[in-house]
Amino acid sequence: MPEIDPPTRQVTPPVESDTEGNPNPYKELTDYELSHLSHHLCALEAWAPLERLLTDLLFLSAKTEAGMVDGLLQDYEITRLALGSRWHEDQPIAVFDRFVSREAHFLRTAPETLYQQAANTSDVAIQEAAALLPLVAIARPSWLRKTRGAPHPQHTAQVISLAFWREDRYLAVSSLGREVWIWDLVRGELSRRCQTPPSAAKSLVVSPDGRFLAAGFGAAEPTPHASGAIVWDQTGRAHRLYGLGDFVYHVRWRSDDHLILGAGLPTGSEAAGTLWLASLSTGACTEIGQQLASRPLVLTWDPVPGRDDHVMMLSMDGVVCYLTPDHVPITQEKTSEIFSEIHLERKHDPDQTHARMVEFDDRIDALRPIVSKICAPCTGTFGFSHAAQAVGRNAICVLGEPPIPPEMTPFHQSVPDGIYLYDFDRGTGGSLGFNPEALDRGFRVNCLAVEPGDSDRVCLGTAHGVAELISIAEDGGSPKQIHKADYAVTAICFSQSGKLVAVGDSSGQISVYDQRSSSLVFESRRREEPSAARIVENDLLLLYQNRLVAVPLNRADDVVESIALPDGEVGVDFDAQGSLAVILSGRVLGETRTLKFFVHIVDLDSRKIILSQNIPGDIPLPPRSLTDADQSDYPNRILLRVSDGAVNLLVGSPRGLIEYPLFAPITANSRSFLLPYDRNSMPKRTITVMRVGMLKAPLESAAIAPGGTALFCGYADTEDHPRVSGKICLWDCETAEHSIEQRFSGSVHALCTTLNGVVIVGTDDNEASAWRFDGGWQRIAGLRHEVAVMAVACAEEQGLVCSVSRDGMLIVWRLLTGEPLLRTFVDVEPKFAGFLADGKAVCVIDRSGEIHMWKIEGYDQLNAGGVTPKSASRKNLYPLAQQCLHVAAHLKRIQTIGEHGDRESALALLKALPDIANRDQIYAHWRAGIFQA
């Protein structure tokens, strides 16, 4: 280790802090001293003081607040390397190393929160260290103390790429949710999160020296204008970002300093394949050759060892090119010359337009270094499926299908028909075809990985959740199944030794197997996900497939009460008001698989369903809502609307909503309204770069406005196609007329309303904001997250808002000013957020159903001097909810008697129906139901 000149002032690491004088003596150090103190101790081999230093939260706090989070991670890495075999994973210094690694991406943005995160971690050693330091109350008068919940990290979307790091110890995983996480396979936990890439990372690959992880990116979402490659260091920090005009499909390291990038655009008039050389040391990225292919390059390799000027490449349409020093690049002048010659030859024949383009493509192909045309690799439009891999020196294995004409690409559904092997040195090829009958029945292979070394085995991942090893040699024997689950396999990777194989699926789950012993080494499984959640006073309600769960949040014990749904029914959504709750559920009936929906009225005090009603198939939902195969048209939302002494239900799908009285769903007054778009007049736009599937402008979120007379609706919108934007509207529930739109640069994921007429909006474009409508939309305040905001909540009387983004970042901010007050991080994807009734605690429900709750310590100091809006109370709505429950119980008795055939008694009981809004309408509906039974 190189020696470091000591600073002029000698510093002795304090073991105990002088809280009365200087709360943190390390803050007296200069930046040089903070940066090099641990290096000096390491060079002196002063191991005991060094361990005390790197397990001292005072030192860690001083260094993070000085902006040296990455330097702190380097301190642990240097110490680990210096100790060698004396470093043990159970030592306190190793525990602190893992803690800082996990929190590093959060501490970079909120360095002042180290003590808070230490107090809230699940590591006992870190908690004990934090408990010994009362400095939190001095340095941070207000902070979030976690009182409930353990993180269960799970990827939020389909896994698209895998790479083993540091031999078999770590696994890098990327998903469509733009997550790049590093899992520790030995400890069975998430080690760290890499800095979020601009779009989903493809083709993960570790540098030869093991210091860096690289990936390509570029797709239609979140924006087609973000494309290139990114390199992370071992801490997860983005070390280099290369921005290109083309999507990057394939990345490989040529050396410790150079990357080869295969890129291009998939469809349209600008479709092309390009090759790039990126330098890690200089940050330069230069194109190699010009116009090498007419489709993106999805695989590159060096056919001649030691010759950097020889490159072979495979394009998406199955064209293989061999770039050598003798190749003459196709210049723009040459392209224009060829185009002009063809145009002049055929200018008097307008019917020959297609022939002109074919001739132009043929003449350009003649100038390209094409050596072969093989099967088309089934990588998907944006390269999210790994379908081609180099084998040995100059051979490749491809999951492919016959090529199709370029003009058919936007309309083609890719179906690989076999595995193809090509050896370009020998000029040979072979294939292993899939059974045509199986393909006709829906069999699909999504991805492949070739076992390293001299093996002739390939691991295939299928759409029906199976990963199996097969031999591509003649008489290779039967396939060996290594993985079977419920979700489609979307990514596979072998470790360098070939001992381990990792499998990722469409739900974000990952599994790692020792393929030689067929044993499971590690897995990250999805837990049961609640479909909806609400906080009612201090009770949390969670709806699962077969039950509604009630969890008191203000009790020390973990009492959980469940309200079971009828057998065979699946919970879809619910809403609650006071002690009244309504559940929307669905059920498949009979051999015809008819889908029926039901509404259950629940008394939250007694935890019982007191009345159930079916929603018949002729309910006036938007057209085809119950018969069309498109699941997005099925009812998936229910809201209670309390207004003018009446309780109404809003039920609908992403296509729209209908409303009817709570107790009479089949009436002439039921009406359809709030449709985002008419299906026949949806905006349709095309662009020249690509053509992606049109969205249906779905209703993404909805919330009842104060007083129940209006409804806030948030939408995803395709008007800015291919980028999905968003908007909100305020609808009048009586006239079905809506306000002017307020547009956002991302779709609206979350809405929350206040009794004061304010709506909190969370968007896919990373923004949380507060708005009011006074004849026009007025923005009150807001702030930005690093990724999409998935949940928002408001404590109106306290003037506080919380917003939670997809990466688990929670921020508490002032409603009227947008001032960020508190923030924390939890390793989960949020699904719902809310404040407890007094606003002194905030709660987040993640996709695994885990409840995370934080108490606001120093609440009085937090709200001192803060401006809070005047607010009405919801208490005046509760008597009406109790009245509805009383009527529901009465109707249940009528329903039971009628089902037993005693119509006379049922009718007599109906005449005694309690007085309630729409009583005559309810009476007429139920009387007709009695005599139709």
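Here is what the cut-offs are and how they apply
Residues numbered from 1 in each chain as written. Predicted model: local features only at pLDDT ≥ 70, side-chain atom pairs only at ≥ 80, totals over all residues. Heavy atoms only, no water. Helix = DSSP H or I, 4+ residues; strand = E, 2+ residues; numbered from the N terminus. Buried < 20%, exposed > 50% of the residue type's maximum accessible area, 1.4 Å probe, protein only. Polar contact = N/O pair within 3.5 Å; in protein donor to acceptor, adjacent residues only side chain to side chain. Contact = heavy atoms within 4.5 Å. Pairing = 2+ DSSP bridges. Axes fitted to C-alpha atoms, helices over the stretch in contact; angles between N-to-C directions. Salt bridge = Lys/Arg side-chain N within 4 Å of Asp/Glu carboxyl O. Phe/Tyr/Trp six-rings, centres within 6.5 Å; stacked < 30°, edge-to-face > 60°. 1 Å grid on protein atoms, 1.4 Å probe; cavity = no way out; pocket = protein on both sides within 12 Å on 5 of 7 lines; lining within 4 Å. Points joined across faces, edges and corners; volume = space filled by probe spheres on them. Nonpolar A, V, L, I, M, F, W, Y, C, P; charged D, E, K, R; others polar. Domains from an automatic or database assignment.

Details of the side chain of Ser38
Relative to the helices and strands, Ser38 is located in helix α1 (residues 31–43). For Ser38, a relative accessible area of 3% gives the class buried. In this structure the side chain of Ser38 is engaged in a polar contact, spanning 2.9 Å, whose partner is the side chain of Asp75. If near-sequence neighbours (up to four positions away) are discounted, Ser38 is found in contact with Leu50, Leu53, Leu54 and Asp75.

Remarks on the sheet that holds strand β44 (residues 710–717)
In space, the 4 strands of this open sheet follow the order β43-β44-β45-β46, with antiparallel pairing throughout. Strands at the two margins of the open sheet, each flanked by one partner only, are β43 (699–704) and β46 (742–744). For this sheet the average axis-to-axis angle between neighbouring strands, irrespective of direction, equals 20 degrees. As paired elements, β44 and strand β45 (residues 725–732) share 8 bridges and run antiparallel to each other. Looking across to β45, one finds that Phe712 is bridged to Leu730.

Things to note about the pattern of salt bridges
Oppositely charged side chains can pair when the atoms bearing their charge come close. Counting across every chain of the model gives 38 salt bridges. For Arg98, the salt bridge is made with Glu89, and the minimal N-O distance between the two is 2.9 Å. By relative accessible area, Arg98 is classed as buried at 13%. Here Arg534 makes a salt bridge to Asp575, at a shortest N to O gap of 3.4 Å. In this pair, Arg534 is assigned in strand β31 (residues 532–536) and Asp575 in strand β35 (residues 570–577), connecting sequence segments 41 residues apart. Overall, Asp575 belongs to the buried group, its relative accessible area being 10%. Salt bridges here are not isolated pairs; linked through shared partners, they connect Glu89, Arg98, Arg169, Asp184, Arg187 and Glu189.

Topic: the packing of aromatic side chains
Where two aromatic rings form a pair, the distance of their centres and the angle of their planes describe that pair. Summed over the entire model, instances satisfying the criterion amount to 13 aromatic pairs. On the numbers, 5.4 Å between centres and 70 degrees between planes, the contact of Tyr26 with Phe59 is edge-to-face. Taken together, the residues span a long stretch of sequence, with Tyr26 in the segment before α1 and Phe59 in helix α3 (residues 57–65) at a distance of 33 residues. Each member of the pair, Tyr26 as well as Phe59, is classed as buried.

Comments concerning empty space enclosed by the protein
All chains considered together, the criterion is met by 3 cavities of 30 Å³ or more. Forming the boundary of the largest cavity are Trp165, Arg166, Tyr170, Ile182, Ser191, Arg192 and Gln234. Of the residues that constitute the lining of the largest cavity, the class distribution is 3 nonpolar, 2 polar and 2 charged. In terms of residue class, the lining of the second largest cavity is built from 9 nonpolar, 2 polar and no charged. Here the lining of the second largest cavity spans two domains, since at least three of its residues come from each of domain 4 (532–621 + 634–665 + 688–861) and domain 5 (876–928).

Side note on the sheet that holds strand β52 (residues 800–805)
On the basis of which strands lie adjacent, the open sheet formed by 4 strands has the order β51-β52-β53-β54 and antiparallel pairing. A single partner strand is all that each edge strand has here, and the edge strands are β51 (789–795) and β54 (820–825). Pairs of neighbouring strands in the sheet enclose a mean axial angle of 15 degrees, with direction left out of account. Relative to β54, strand β53 (residues 809–814) runs antiparallel, the two sharing 5 bridges. Along β54, the bridge assignment pairs Val812 with Leu822. Strands in contact with helix α5 (residues 92–109) are β53 and β54; relative to β54, the strand with the most contacts, it is inclined by about 165 degrees.

Taken by themselves, the reported measurements are silent on function.
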